[in-house]
Amino acid sequence: MRVEDPAAFPGEPDALDRLWTPHRMVYIQGEGKPDDPADAEQCPFCAGPGRSDEDALIVHRGTSAFVILNLFPYNSGHLLVCPYRHVADYTELTEQEVLEVAELTRTAMRVVRAVSKPAGFNLGMNQGEVAGAGIAAHLHQHVVPRWQGDANFLPIVARTKALPILLADTRRMFAQAWPDGEAADG
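Residues numbered from 1 in each chain as written. Predicted model: local features only at pLDDT ≥ 70, side-chain atom pairs only at ≥ 80, totals over all residues. Heavy atoms only, no water.

### Digging into empty space enclosed by the protein
Evaluated as defined, the whole model comprises one cavity of 30 Å³ or more. For the largest cavity, the calculated volume is near 40 Å³. Residues that form the lining of the largest cavity fall into these classes: six nonpolar, four polar and no charged. (1 Å grid on protein atoms, 1.4 Å probe; cavity = no way out; pocket = protein on both sides within 12 Å on 5 of 7 lines; lining within 4 Å. Points joined across faces, edges and corners; volume = space filled by probe spheres on them. Nonpolar A, V, L, I, M, F, W, Y, C, P; charged D, E, K, R; others polar.)

This is the structure we're talking about:
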């Protein structure tokens, strides 16, 4: 991490320090997003279950849905609950998918509480690009742990989040704490 002294910039100093996060450009520029959102072959949520849990950052696999870490998290421990089926709209889920997404969301909250001790959660689904869905063609429920003071100036002013733990370490801790443990690792 490099923080630059504002006085070193030409012109009048603005008294702001700068934290450069070039790794975020991948997300900002849409790298890894499907060219054709309707094509399940290009969908990262469809591709994930075909890889190992460690490589795909999958925490738990259910019958009709799975739990995966968000590759571009709002907070450490940001999980996504996804149906295996490539479906965009919540109203298109089967009864089984609705029940499992709901149950996995509840279990995800319990696991994150046990491992990370958050003060609260944000839960939700962004339905459509206009609503903020990064991958609108494959429904996913966000489970975002929150701590007092976690919304500091970085995300508000700089659209940057400082995350204190690696995704692989978070996945391992959550998978081990999941009620089934890491016994069924894909």
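### Some words on helix 4 (residues 95-116)
Between the first and last C-alpha of helix 4 there are 31 Å, a value that for 22 residues agrees with the 32 Å anticipated at 1.5 Å per step. For helix 4, the complete set of buried residues consists of Glu-97, Glu-100, Val-101, Leu-104, Thr-105, Thr-107, Ala-108, Met-109, Val-111 and Val-112. Of the residues one or two after helix 4, Lys-117 is the one with positive phi, at around 55 degrees. (Helix = DSSP H or I, 4+ residues; strand = E, 2+ residues; numbered from the N terminus. Expected span 1.5 Å × (residues − 1). Buried < 20%, exposed > 50% of the residue type's maximum accessible area, 1.4 Å probe, protein only.)

### Looking at the sheet that holds strand 6 (residues 120-124)
Pairing in this open sheet of five strands is antiparallel, and the strands run 3-4-5-7-6 from one edge to the other. Lying at the two open borders of the sheet, with one neighbouring strand each, are strand 3 (58-61) and strand 6. Pairwise comparison of adjacent strand axes, ignoring direction, gives a mean angle of 15 degrees for this sheet. (Pairing = 2+ DSSP bridges. Axes fitted to C-alpha atoms, helices over the stretch in contact; angles between N-to-C directions.)

### A look at the pairing of strand 5 (residues 79-83)
Looking along a regular strand, one sees side chains alternate from face to face of the sheet. With five of its five residues buried, strand 5 lies for the most part within the structure. Along strand 5, one buried face is formed by Leu-79, Val-81 and Pro-83 and the opposite face, lined by Leu-80 and Cys-82, is buried too. Summarising the sheet, strand 4 (residues 65-69) and strand 5 pair through five bridges and their orientation is antiparallel. Paired with Val-67 across the strands is Val-81, a residue of strand 5. Pairing of strand 5 with strand 7 (residues 141-146), which is carried by three bridges, proceeds in the antiparallel orientation. Across the sheet, Leu-80 pairs through a bridge with His-142, a residue of strand 7.

### Thoughts on the pattern of salt bridges
Applying the stated criterion to the full structure yields six salt bridges. Among the ionic pairs, Glu-54 bridges to Arg-171, the shortest N-O distance being 3.4 Å. Taken together, the residues span a long stretch of sequence, with Glu-54 in helix 3 (residues 53-56) and Arg-171 in helix 6 (residues 167-177) at a distance of 117 residues. A salt bridge links Glu-103 to Arg-110, with the shortest nitrogen-to-oxygen separation between them at 3.8 Å. (Salt bridge = Lys/Arg side-chain N within 4 Å of Asp/Glu carboxyl O.)

### Looking at helix 6
Every α-helical turn comprises 3.6 residues, leaving residues that sit three or four positions apart pointing alike. Within the sequence span of helix 6, burial applies to Thr-170, Arg-171, Phe-174 and Ala-175. The buried side chains of helix 6 occupy one side of the element, clustering within an arc of 125 degrees when seen end-on. (Arc of directions from axis to C-beta.)

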